[in-house]
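Secondary and tertiary structure notes
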Amino acid sequence: MHRSQVAGLLMIILGAAILVLLAGFVLSIIMFILQLLAVVVGVILVLGGVALLLFGKRFWRRGTWGWTRLVDY
């Protein structure tokens, strides 16, 4: 085998070993990002629900959207 082939094979084996060893760490980072996203979406939904309960239809009727004219209030 040529020297560059041996170096390439060693790099592949070393890279695969590092990925296997750090798989738990990478997965924990991905899970943290997904949990953070779920928390943000949950907070937005809760705040939207509170706003809808407090303001009701008058909050949504303020806008001049085209489709609101078609709905009979």
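You'll find the structure just up there.
The following refers to the structure shown. What you see as residue numbers is a count from 1 along each chain, following the sequence as written. Reporting of local features is limited, given that this is a predicted model, to residues whose pLDDT is at least 70; pairs of side-chain atoms are given and counted only at 80 or more, and all residues count toward the totals for whole chains, interfaces and linings. The basis for every side-chain value is the complete set of heavy atoms in the structure, and neither hydrogens nor water enter the calculation.

For the rest of this paragraph, the subject is the overall build of the protein. Secondary structure elements follow DSSP: runs of H or I no shorter than four residues count as helices, runs of E no shorter than two count as strands, and numbering proceeds from the N terminus. The number of helices and strands found in the protein is two helices and zero strands. For every residue, the accessible area (1.4 Å probe, protein chains only) is compared with the maximum for its type, and the residue is labelled buried under 20%, exposed over 50%, or partly exposed between those bounds. Here the protein holds 73 residues, and the buried ones make up 1% of them. When the accessible surface of the protein is split by element, carbon and sulfur atoms take 78% of a total near 6900 Å². Each accessible area is a Shrake-Rupley estimate made with a 1.4 Å probe; only the visible protein chains count as cover when residues are assessed.

The next thing to look at is the environment of histidine 2. Tracing the chain through its elements places histidine 2 in the segment before α1 (3-21). Using a relative accessible area of 54% as the deciding quantity, one classes histidine 2 as exposed. Contacts described as polar in this section are N or O atom pairs within 3.5 Å, which, within protein, must combine one atom able to donate a hydrogen with one able to accept it, while residues neighboring in sequence count only if both atoms come from side chains. Side-chain polar atoms of histidine 2 contact the side chain of serine 4, separated by 3.3 Å.

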